[in-house]
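One letter stands for each residue in the lines below.
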Amino acid sequence: MKIRKKILGLILLTIISGGVVGCSSTNNNSNSQNQEVATDEDFISSFEKAINKRWDEQNKLEKKYETNTSYTEEEYAQDTIKVLENEIKTLEKYKEGIEDKDLKEIANNYIEGVKKQIECQKTNDYDLQYKYQEESDKLRKPALISMVDDYGIKIKDEHQQTYKDFKEQATVINKENESKSFADKLASEMTFEKSTDEFGYVEFSTIVENTSNIDFKNLSYNVQYKDKDGIVIGDYIIYLENFDVQSKQKVKLTPFEDGIESIIVTTDWFENK
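The structure displayed is predicted, hence computed values, not measured ones.

Asks: It is not clear to me how the nonpolar core should be interpreted in this structure. Could you clarify?
Replies: Most often, soluble globular proteins keep nonpolar side chains buried together rather than apart. Grouped together as the largest cluster of nonpolar side chains are 27 residues, with contacts concentrated most on F43, L144, M147 and I153. Sorting the residues of this core by element identifies α2 (30-67), α3 (73-94), α4 (101-122), α5 (126-149) and α6 (160-189) as the ones contributing at least two each. Among the elements that take part in this core, α4 stands out by supplying seven residues, more than any other. Counting residues in each nonpolar core, the second largest holds 22 residues, with F192, F216, Y225 and V251 among its members.

Shown next as structure tokens:
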């Protein structure tokens, strides 16, 4: 099977969508609360119907692609784009009625994920396809899992295996997102103490602690040294190995540059155990 065919197959497996319908109130004060509940409940109900219908249609598209030799990859991609664009129209039309901020964030993440998926379908560049699909997965998969776990969405029996595979992938994505958030937080909180060693060289040091629930196999940071004018005058890399939960490690920087007024630390990459 060609690379693009494999990518398209993955995309069809993971496309999700939902809709929302509005409601109206008849009173002034208490009806404002009723409108919030009704709007959110309608969104949840519509989402449940849409995800099951979407997977029904995906199965039909995939079967057609596998069995109809005259059905080209280009036609397959165009049909997928059409259904995704229609779903986005529905979601964007009704998402403004959602009052639950968490539910609205889920809707926004899902829509952005679908847009990335459409971009993936539109390009023949394999690197871009991978990039868009990865970005889409990070938005859409956790959103669907939240709809099931937190808002009670029911998946039809014939789609349970698809959802199971989807959830396993989303669990990995959620852990990566959590790891990235902690790594960024740790970088922003690093405060270095300036001192001079026995040979008269300036050094900067700090203690970092893993207060998360994640065991990192490796964790590295980019470091920039800036002078009083904010100009970068040097750089370095902080590398933490076996940075397990509750562990502490000392970080020491011994720059050769003079005139360092600030140290900027940003996440480079990480690997979980």
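Asks: For this particular structure, what's the right way to read the packing of aromatic side chains?
Replies: What describes a pair of aromatic rings is the distance from one ring centre to the other and the angle between the planes of the rings. Under the definition given, this model contains nine aromatic pairs. Ring plane angle 65 degrees and centroid distance 6.2 Å describe the contact between W55 and F166, whose orientation is recorded as edge-to-face. Taken as a pair, W55 in helix α2 and F166 in helix α6 lie far apart in primary sequence, 111 residues in all. Given a relative accessible area of 1%, W55 falls into the buried group. Between the aromatic rings of Y65 and Y76, the centroid separation amounts to 4.0 Å while the plane-to-plane angle is 40 degrees, which identifies the pairing as tilted. Here the residue Y65 occupies a position in helix α2, and Y76 occupies one in helix α3, the gap between them amounting to 11 residues. Summarising the burial analysis for this pair, Y65 and Y76 share the class buried. Taken together, the ring pairs in this structure connect F182, F216, F243 and F270 into an aromatic cluster.

Asks: I'm lost on the sheet that holds strand β3 (residues 216-226) in this one. Help?
Replies: Two modes of strand pairing occur in sheets, parallel and antiparallel, and in both the strands are linked by backbone hydrogen bonds. Reading across from one edge, β4-β3-β6 is the order of the three strands in this open sheet, with antiparallel pairing throughout. Across the chains shown, the open sheet's two edge strands, defined by having one partner strand only, are β4 (232-243) and β6 (262-272). Strand-to-strand twist of the sheet, defined as the mean angle between neighbouring strand axes without regard to direction, takes the value 20 degrees. Bridge analysis of β3 against β4 gives 10 bridges, and the strand direction is antiparallel.

Asks: Just to check I follow, could you spell out the side chain of H159 for this structure?
Replies: When you line up the elements, H159 lands in the loop between α5 and α6. The buried category is assigned to H159, whose relative accessible area is 1%. A polar atom in the side chain of H159 sits 2.8 Å from the side chain of D56. H159 has contacts with N52, W55, D56 and N59, leaving out every residue within four places of it along the chain.

Asks: What's the story with the pattern of salt bridges in this structure? I'm lost.
Replies: Side-chain pairing between opposite charges can occur once the charged atoms of the two side chains come close. Using the criterion set out here, one finds 16 salt bridges in the structure. A salt bridge links E92 to K115, with the nearest nitrogen and oxygen atoms 3.1 Å apart. With E92 in helix α3 and K115 in helix α4, this pair connects stretches of sequence that are 23 residues apart. Of the charged contacts, one joins D149 and K167 as a salt bridge, the two residues approaching to 3.7 Å between their closest N and O atoms. Of this pair, D149 sits in helix α5 while K167 sits in helix α6, and the two are 18 residues apart along the sequence.

Asks: Which parts of the structure should I look at to understand a nonpolar patch on the surface?
Replies: Residues I237, Y239 and W269 make up a contiguous nonpolar surface patch of roughly 320 Å² in combined accessible area. Given a relative accessible area of 38%, W269 falls into the partly exposed group.

Asks: Can you help me understand the confidence of the model for the protein in this one?
Replies: Detail in the predicted coordinates should be disregarded across regions flagged by low pLDDT. Scored by pLDDT, the protein comes out at a mean of 85, with 86% of its residues at no less than 70. Here residues 13-37 is modelled with pLDDT under 50, and outside its nearest four sequence neighbours on either side it reaches 72 contacts, counting other chains as well.

Asks: Looking at this structure, I do not really get the pairing of strand β1 (residues 193-196). What am I missing?
Replies: Along any regular strand, the residues point their side chains to alternate faces of the sheet. Relative to strand β2 (residues 202-209), β1 runs antiparallel, the two being bridged by four bridges. Across the sheet, residue E193 finds its bridge partner in β2, namely S205. Taken together, β1 and the strand that follows it, β2, pair antiparallel across an intervening segment of five residues, in which G200 is found at a positive phi of about 90 degrees.

Asks: I'm lost on α6 in this one. Help?
Replies: Given 3.6 residues per turn, any residue in an α-helix points the same way as the ones three and four places further on. Between its first and last C-alpha, α6 extends 43 Å over 30 residues, near the 44 Å set by a 1.5 Å rise per residue. Within α6, the full set of buried residues consists of T162, Y163, F166, A170, I173, S179, F182, A183, L186 and A187.

Procedures and definitions
- Once a new chain begins, its residue numbering starts again from 1 and follows that chain's sequence as written.
- Given that the model is predicted, a residue must reach a pLDDT of at least 70 before its local features are reported, and side-chain atom pairs must reach 80 or more before they are shown or counted; all residues, however, enter totals for whole chains, interfaces and linings.
- Heavy atoms from the whole structure form the basis of all side-chain values; hydrogens and water molecules are not counted.
- Residues belong to a common nonpolar core when they are buried Ala, Val, Leu, Ile, Met, Phe, Trp, Tyr or Cys residues joined through side-chain atoms within 4.5 Å.
- Burial classes follow relative accessibility: with a 1.4 Å probe on protein chains only, a residue under 20% of its type's maximum area counts as buried, one over 50% as exposed, and anything between as partly exposed.
- Every helix listed is a DSSP run of H or I at least four residues long, and every strand listed is a run of E at least two residues long, numbered separately from the N terminus.
- Centres within 6.5 Å make a pair out of two Phe, Tyr or Trp rings, where for Trp the six-membered ring is used; the pair is then stacked when the planes are under 30 degrees apart, edge-to-face when over 60, and tilted otherwise.
- In this analysis, strands are considered paired if DSSP registers two or more bridges between them.
- Each axis is a line fitted through C-alpha atoms, taken for helices only over the stretch in contact, and angles between the N-to-C directions span 0 to 180 degrees.
- Polar contact criterion, stated in full: a pair of N or O atoms within 3.5 Å, where within protein one must be able to donate a hydrogen and the other to accept it, and residues adjacent in sequence count only if both atoms are side-chain atoms.
- Whether two residues are in contact is decided by their heavy atoms, any of which lying within 4.5 Å being enough.
- Any Lys or Arg side-chain nitrogen located within 4 Å of an Asp or Glu carboxyl oxygen qualifies as a salt bridge.
- Patch criteria: residues need more than 30% relative accessible area and no salt bridge. Like-charged residues are merged within 9 Å; nonpolar side chains of Val, Leu, Ile, Met, Phe, Trp and Tyr are merged within 5 Å.
- Only the protein chains shown count as cover for residues, and the accessible areas themselves come from Shrake-Rupley with a 1.4 Å probe.
- Residue-level confidence of the predictor is what pLDDT reports, using numbers from 0 through 100.
- Multiplying 1.5 Å by the helix residue count minus one yields the expected span of that helix.

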